There are 2 protein chains.
Amino acid sequence: MHLNIDTRSSIPVYQQIVDGIKSAAAKRIYNPGDRIPTVREMASQLTINPNTIAKAYQKLEQEGVIVTMRSRGTFIAERQNHPDKQRAKKLLKPSLEHIRTEAFHLGMEGEELKQLVLETLEEWEKEWRDIEK
Amino acid sequence: MHLNIDTRSSIPVYQQIVDGIKSAAAKRIYNPGDRIPTVREMASQLTINPNTIAKAYQKLEQEGVIVTMRSRGTFIAERQNHPDKQRAKKLLKPSLEHIRTEAFHLGMEGEELKQLVLETLEEWEKEWRDIEK
DNA sequence: CATTTGTACTATATGTAATAGTACAAATAT
DNA sequence: ATATTTGTACTATTACATATAGTACAAATG
């Protein structure tokens, strides 16, 4: 299990699970059709109450990240079509602004920040290419 | 007052204030030496308990964003030296990863994401140049 | 027909956030 | 000197979200 839960974090455990699964999907650790642990399995592995896992799975299903099939289990959903790029831009703006603010207060701006971001995007591309084949 | 507080948000009010001040500093709405409202002023303007504002100011002082001077008021701190760029990179990583995950689930990846990020960085640079003079 | 698996429900404990009210400490202004 | 300003400290209380515990149901599988 790659999920790393910190019960002392101020981020709720169920949210950490949601974030963890979404992140794993973005990194291709999980791919569409992959089965993820059952509610009870994950609960016992992480020694967390099953209700908490169930809550995370319900959020993930609402977001279209997973699909649940009773008595069969829970699976990573097929990727959806996202034709509305303007919507994506709008929804990404707060997170980009957050980077700007965080970077500013760490003394990183302008060209330096640009370089860091470009490096990072390049790394992701590289990971992606390595997995694709 | 440019701060927009949503008391129904899951983000605590004091945290919204912290984020708002930090964001305003990054955007040069506030600059080093600027005085910000007193605890009681801001509390009455936003109709929020003074204790909540005080908590936000204490967090901001801990982070070195503001400086408080008893009986004089609270001011935006001088910008600090941040020689350790590696530290900055390390601390920015989670936020960058968050963008990656969010973008992935909005159907935005690779070149498309790169373009959006570059556009955004360019906008910030432009804002910055407009203010500098 | 038993098992698996997600779901639903109630009850309870815990922690954090926010409010209310009061008071103190230190610098400034009169 | 003295009153005012402003950040800070403290206690008490309320409200809400999170997490746990325990039980039970629903639907598909084997």
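Focus on the overall build of chain A
What chain A contains, in helices and strands, is five helices and three strands. Seen in sequence order, chain A has helices and strands lined up from the N terminus as α-β-α-α-β-β-α-α. Judged by the C-alpha coordinates and their principal axes, chain A covers about 55 × 35 × 30 Å. The buried share of chain A, reckoned over its 133 residues, is 23%. The contacts of chain A with a sequence gap of at least 6 include a subset with a gap of at least 24, amounting to 49%.

Some words on the protein's contact with DNA strand D
Around DNA strand D, 23 residues are found, and the nearest of them are A:V13, A:N49, A:S71, B:T38 and B:S71. Among the elements that line the surface near DNA strand D, the one with the most residues is helix α3 (residues 50–62) of chain B, at five residues.

Some details on the sheet that holds strand β2 (residues 66–69) of chain A
Residue and element names in this part refer to chain A. Within the open sheet, the three strands sit side by side as β1-β3-β2. Their pairing is antiparallel. Edge positions in the sheet fall to β1 (35–36) and β2, since each of these pairs with one other strand and no more. Bridge count between β2 and strand β3 (residues 73–76): four bridges; the pairing is antiparallel. Paired with T68 across the strands is T74, a residue of β3. Most of the contacts of helix α3 (residues 50–62) go to β2, to which it runs at about 115°, and overall it touches β2 and β3.

Here we look at the protein's contact with DNA strand C
By nearness alone, 23 residues border DNA strand C, and A:T38, A:S71, B:V13, B:N49 and B:S71 come closest of all. Mapped by element, the contributors of at least two residues to the surface near DNA strand C are α2 (39–46), α3 and β3 of chain A together with α1 (13–26) and α3 of chain B. Classifying every residue of the surface near DNA strand C gives seven nonpolar, eleven polar and five charged.

Some remarks on the interface of chain B and chain A
Frequently, the measure chosen for interface size is the accessible area removed from exposure when the parts meet. Counting from both sides, the interface comprises 35 residues of chain B and, opposite them, 34 residues of chain A. For the side of chain B that touches chain A, the secondary structure elements donating two or more residues are α1, α4 (85–105) and α5 (110–132) of chain B. Of all the elements, α4(B) adds the most residues to the side of chain B that touches chain A, at 16 residues.

Topic: the relation of the copies chain B and chain A
What relates the pair of chain copies is a rotation about an axis plus a shift along that axis. Once chain B has been moved 0.0 Å along the axis and rotated by 180°, it coincides with chain A to within an RMSD of 0.1 Å. What the superposition gives is, in effect, a two-fold axis relating one chain to the other. The overlap is high: 97% of the interface residues of chain B also sit at the interface in chain A, so the same surface is used on both sides.

A few points about the environment of B:R87
Mapped onto the fold, B:R87 is located in helix α4. C-alpha separation for the pair B:R87 and B:I66, spaced 21 residues apart in sequence, amounts to 21 Å.

With respect to the confidence of the model for chain A
Chain-level pLDDT for chain A is 95 on average; 98% of the residues reach the 70-or-more range. When mean pLDDT is compared element by element in chain A, helix α1 (residues 13–26) of chain A scores highest at 98, while helix α5 (residues 110–132) of chain A scores lowest at 94.

Details of the environment of B:G33
Residues and elements named next belong to chain B. Note on placement: G33 falls in the loop between α1 and β1 (35–36). Judged by the 10 C-beta atoms lying within 10 Å of it, G33 is exposed. Residues G33 and M108, spaced 75 residues apart in sequence, show a C-alpha to C-alpha distance of 41 Å. Ignoring sequence-local partners within four residues, the contact set of G33 consists of F75 and I76.

The rules behind these values
Residues numbered from 1 in each chain as written. Chains lettered and ligands numbered in written order. Predicted model: local features only at pLDDT ≥ 70, side-chain atom pairs only at ≥ 80, totals over all residues. Helix = DSSP H or I, 4+ residues; strand = E, 2+ residues; numbered from the N terminus. Buried ≥ 20, exposed ≤ 12 C-beta atoms within 10 Å, placed from the backbone. Contact = placed C-beta atoms within 7 Å. Near = placed C-beta within 6 Å. Pairing = 2+ DSSP bridges. Axes fitted to C-alpha atoms, helices over the stretch in contact; angles between N-to-C directions. Nonpolar A, V, L, I, M, F, W, Y, C, P; charged D, E, K, R; others polar. Least-squares fit on C-alpha atoms with pLDDT ≥ 70 in both. pLDDT = per-residue confidence, 0-100.

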